[in-house]
Amino acid sequence: MTPKDKLAAQRIYILLGALFITSLVVSNLIFQKFFYWYPFDIEFFGNKLFEISVGILPYPLTFLITDLISEIYGKKRANDVVVTGIFASLFSLLIILVASKVPATSWSYVNDELFTKVFGNSVIAVFASMLTYLFAQFIDIQIYHFWKRLTQGKHLWLRNNFSTWFSQFVDTFTIVFLLCSFGIIEWVNFKGLLVSGFLFKVIVAACDTPFLYIGVYFFRRRFKLKVNEEIDLL
């Protein structure tokens, strides 16, 4: 690979990492708003399908990005992005803590009470998200590369979906369990949110498979990569 191609690959990697971190941090900040989507009139354990947090909207994108990085840049580079996301979450938590401690002016459009109402649970959310994030993302990367080795780089759809489905269940169960444990969500909603959240993520994972194929095709064509070949940025 020429130095020019190396530079281009590095820039794309940085862009993917930026999208990953943005999606992760934003999902932690907006999680307290819940929305509904009723494609079918079905209830699970007293909850409509789907009544879920808006924080779930950007989160599945993180798994698509780590799968793409795993496929093109390798396991180590995918793990590096995950670790970077941890530091980004901690830094966002620090900013929120500082912002909540300084007093609002009398003419501030957002007073202390409103700010605390919107961001007051963000500390717990970031803590819960970081635990689920660690479990789910590392599991996703491990399973992805297990299937990649087993299939010798073939059947991209299989490792994309199998790794994401299992890791998304771990992610959904852990985050809902922790939010219920901290009293942010009532336990009566636990089973319904678990089922709705997991099924929603499964649907998103299935829908993002074509985008993963497009991304992999772009990389292999642009950098002349063979099947199962990875870009070494070092």
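Participant: A description of the environment of Gly17 should follow, citing residues and the corresponding values.
Facilitator: In this fold, Gly17 is placed in helix H1 (residues 3-29). In this structure the C-alpha to C-alpha distance between Gly17 and Thr84, which are 67 residues apart in sequence, comes to 8.5 Å.

Participant: How would you explain the packing of helix H2 (residues 59-72) against helix H6 (residues 156-181) if you had to name every residue and give the values?
Facilitator: Relative orientation of the contacting elements H2 and H6 amounts to 140°, with a least axis distance of 11 Å. Considered as vectors, H2 and H6 are oriented oblique to each other. Crossing of H2 over H6 shows right-handed handedness. Contact with H2, carried on its side by Tyr59, Pro60, Phe63, Asp67 and Glu71, involves Leu156, Arg159, Asn160, Ser163, Thr164, Ser167, Gln168 and Asp171 of H6 and no other residues of that element. Looking at the contact of H2 with H6, its residues break down into four nonpolar, five polar and four charged.

Participant: Can you explain the packing of aromatic side chains? Please cite residues and give values.
Facilitator: Under the definition given, this model contains 10 aromatic pairs. Measuring from centroid to centroid gives 5.8 Å for Tyr73 and Phe219, while their planes differ by 80°, and the two rings are edge-to-face. Placement of the pair is Tyr73 in the loop between H2 and helix H3 (75-101) and Phe219 in helix H7 (residues 190-223), with a sequence separation of 146 residues. On the basis of relative accessibility, which here comes to 4%, the residue Tyr73 falls in the buried class. On the numbers, 5.6 Å between centres and 50° between planes, the contact of Trp187 with Phe190 is tilted. Among the aromatic residues, those joined into a cluster by ring pairs are Phe169, Phe173, Phe177, Trp187, Phe190 and Phe198. Its guanidinium or amino end placed over the ring of Tyr13, Arg77 lies 5.5 Å from that ring's centre, counting from NZ or CZ.

About the thresholds
- Residues numbered from 1 in each chain as written.
- Predicted model: local features only at pLDDT ≥ 70, side-chain atom pairs only at ≥ 80, totals over all residues.
- Heavy atoms only, no water.
- Helix = DSSP H or I, 4+ residues; strand = E, 2+ residues; numbered from the N terminus.
- Axes fitted to C-alpha atoms, helices over the stretch in contact; angles between N-to-C directions.
- Parallel < 35°, antiparallel > 145°, perpendicular 65-115°, else oblique.
- Left-handed = near helix turned anticlockwise from the far one by under 90°.
- Contact = heavy atoms within 4.5 Å.
- Nonpolar A, V, L, I, M, F, W, Y, C, P; charged D, E, K, R; others polar.
- Phe/Tyr/Trp six-rings, centres within 6.5 Å; stacked < 30°, edge-to-face > 60°.
- Buried < 20%, exposed > 50% of the residue type's maximum accessible area, 1.4 Å probe, protein only.
- Lys NZ or Arg CZ within 6 Å of the ring centre and 35° of its normal.

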